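Fold and contact review
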Amino acid sequence: NVAGDAINIASASTTGDSLDITQTVARTSGAALRIVDSANATASEATAIITSSTLTDVEALKIVTAAQTTGNAMTINAGASIYTSGSALEITGSGAYNTTLNPALLNVNATGIALNGYIAQIVADVATTVEGVLEVSGDALTSGNGLVVSSTGAGLTGNLLSATSGSTGAFTNGGVRFNFT
């Protein structure tokens, strides 16, 4: 196929699924759905695009894993690429947000009991010369807080904020630095 769509499914269904792939036996290898874009991607479009004109109380993409004990529900592997621009994951939103209901561009909600480890983790375990591991920028913040660490739990026995280092060298600018200009 030189131009156009290799497969085009135009559905006008009001119930059910436009495309349903069901794996009925346990897979020992392979994938239920595999998309490979093996040519050098120089096109102006992504390999996979999910577009929905108007979403109301539904998800554009939903990943459900029942009783997953190992592995990842979603993995983004950027390989050995050296980014000169762009990111492995970008979340962009525009418009107004109804923050009275606490919506967010990124929401991590762990309702189960965490027995060990972390709910969210950012790891930079190689020598790095970047400006920081995590940046919170609120250049257009007109009210509110750039970073909120809070708890309403009456039984909180841990720390809301803990800063530790295993470095044996002296800090250049201190272990924790506040710089107000």
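Residues numbered from 1 in each chain as written. Predicted model: local features only at pLDDT ≥ 70, side-chain atom pairs only at ≥ 80, totals over all residues. Heavy atoms only, no water.

With that out of the way, let us pick up the overall build of the protein chain. The helix and strand inventory of the protein chain stands at zero helices and zero strands. For the protein chain, with 181 residues in total, the buried portion stands at 0%. Long-range contacts, defined as pairs at least 24 residues apart, comprise 0% of the intrachain contacts of the protein chain with a sequence gap of at least 6. Within the structure as shown, the protein chain displays about 18,000 Å² of accessible surface, and the carbon and sulfur contribution to it stands at 50%. (Helix = DSSP H or I, 4+ residues; strand = E, 2+ residues; numbered from the N terminus. Buried < 20%, exposed > 50% of the residue type's maximum accessible area, 1.4 Å probe, protein only. Contact = heavy atoms within 4.5 Å. Areas by Shrake-Rupley, 256 points an atom, 1.4 Å probe, with all protein chains shown as cover.)

Here the focus is a nonpolar patch on the surface. Among the surface-exposed residues, Ile 50, Leu 61, Ile 63, Met 74, Ile 76, Leu 89, Ile 91, Leu 105, Leu 106, Val 108 and Ile 119 lie close enough to one another that they form a single nonpolar patch of about 1,100 Å² accessible area. Of the residues examined, Ile 63 reaches a relative accessible area of 43% and is grouped as partly exposed. (Patch = residues over 30% accessible without salt bridge, like charges linked within 9 Å, V, L, I, M, F, W, Y side chains within 5 Å. Salt bridge = Lys/Arg side-chain N within 4 Å of Asp/Glu carboxyl O.)

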